[in-house]
Each structure stands twice: as structure tokens, then as C-alpha cells.
Amino acid sequence: MIKKFLTLFSTLAVVSMLAACGGDKAPQVDYVTIQGQTITPADYQGQVMLVNFWATSCTTCVKEMPDIVDTHNKFKDQGFRTIAVAMSYDRPDYVVNFAETRKLPFDVALDVNGNIAKAFKDVKITPTTYVINRKGEIIKTYVGEPDFSALHQLIEKSLAEKV
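Residues numbered from 1 in each chain as written. Predicted model: local features only at pLDDT ≥ 70, side-chain atom pairs only at ≥ 80, totals over all residues. Heavy atoms only, no water.

*Asks:* It is not clear to me how unusual backbone geometry should be interpreted in this structure. Could you clarify?
*Replies:* Residues apart from glycine generally show negative phi values, whereas peptide bonds are mostly found in trans. Residue Pro127 follows Thr126 across a cis peptide bond; omega there is -5°. Its location among the elements puts Pro127 in the loop between helix H5 (115–119) and strand E6 (128–132). Phi is positive for Lys103, close to 50°, though the residue is something other than glycine. By the secondary structure assignment, Lys103 is in the loop between helix H4 (92–101) and strand E5 (107–110). A positive phi is found at Asp122, a non-glycine position, where the angle reads about 55°. Tracing the backbone shows Asp122 in the loop between H5 and E6. (Helix = DSSP H or I, 4+ residues; strand = E, 2+ residues; numbered from the N terminus.)

So, in C-alpha cells, the structure goes:
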């Protein structure tokens, strides 16, 4: 399975960087999930998104993951999407094992070439989490574990806003 997955990654364009206007716009990137599905900007347009950069070797990332699951489950039916992006240095088999054993209910993508992290202002520290509103603007960046109560309030406010 892992070999097939890595072959798929080597043949797919993991990230398409489209020119983003304005400093607050989130990068328009494609994500390839560990199931081999490509999530394009059209798939998440008009949704509030949480994009979490993480690694299986990051203890804070592992610690916060249950809270990210809870956040996803709380808002998923309201126009909210979660994508966990594993860093390029993380072993794909470790990421797949982590996601499967913990039954992560949201999309998990591998950033094989580091292009997604580069598109998001060259993320190097994990965890780094972005909240993106329905207009595609980054409204909050967390480096380290978020205050989940405040995060939930921000998501609720963003979900209530119209595009």
C-alpha cells in the first residue's frame, strides 16, 4: 500500500500554486490525501478551513490531535473542513499508520516535496495551524498548540459570516 501511495505521489502534482492576490489570501493549493485523492481549491471554496501542519515526531502535534478531531467533529456539518498536512520529513508509512490507528475523521495529506508548507509562508515549525474564512483569507495563525476554546469561538464567528 505504501509503495503504491508513494508511486502515486511521484506522478501527481501535489501542489498547484495559483497567484494569490493580497497578503491575507490563503494559498490556492492542491492537497493529495493518504488515500490518493486530490483536494483542489474548488473543493474547499466557500468553506471555513483549518489547515494543520504537523508531524508524527512532534509531541505537541500528537498531543493536540484529539482536540483537532473534536473541533472537526463539532463543526464538520456546518461548512467547516479540516486538513492535516504532514511535513515533508515525516515518513509516509508513519503518517498512514498514525491516521489509521487513530481513525482521524478528516483529510490527511502528505507534503512530500514541501511545496504546501512553502506556499503557507514556508512553515518550518510544527504544529502550525491556519484558520481560513469562507472568503479564502487567513484569519488566524497558531504556532504551537491553539487555545481550543478561543479557536472554537473564531470558527463559530467565521461560519456565521456570509461570503
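*Asks:* What is the right way to read the pattern of salt bridges from this model?
*Replies:* Oppositely charged side chains can pair when the atoms bearing their charge come close. Under the criterion given, the structure shown has five salt bridges. A salt bridge links Lys63 to Glu145; the nearest nitrogen and oxygen atoms lie 2.9 Å apart. With Lys63 in helix H3 (residues 59–75) and Glu145 in the loop between strand E7 (138–143) and helix H6 (148–160), the pair connects residues that are 82 residues apart, well separated along the chain. The exposed category is assigned to Lys63, whose relative accessible area is 53%. Between Lys74 and Glu156 there is a salt bridge, and its shortest N-O distance comes to 3.6 Å. Here Lys74, found in helix H3, pairs with Glu156, found in helix H6; they are 82 residues apart in sequence, far enough to count as distant. (Salt bridge = Lys/Arg side-chain N within 4 Å of Asp/Glu carboxyl O. Buried < 20%, exposed > 50% of the residue type's maximum accessible area, 1.4 Å probe, protein only.)

*Asks:* I would appreciate a short explanation of the pairing of strand E3 (residues 48–54) in the present structure.
*Replies:* Along any regular strand the residues' side chains alternate between the sheet's two faces. With respect to burial, E3 is a largely interior element, seven of its seven residues being buried. Taking every second residue as pointing to the same face, both faces of E3 are buried, with Val48, Leu50, Asn52 and Trp54 on one and Met49, Val51 and Phe53 on the other. Pairing geometry for E3 and strand E4 (residues 80–86), over seven bridges, is parallel. Considered in E4, the bridge of Val48 is made with Phe80. Running through H3, the crossover from E3 to the neighbouring parallel element E4 is right-handed. Inspection of the sheet shows E3 paired to E6 by five bridges, in the antiparallel sense. By the bridge assignment, Met49 is partnered in E6 with Ile132. (Pairing = 2+ DSSP bridges. Right-handed = clockwise from strand over helix to strand, strands pointing away.)

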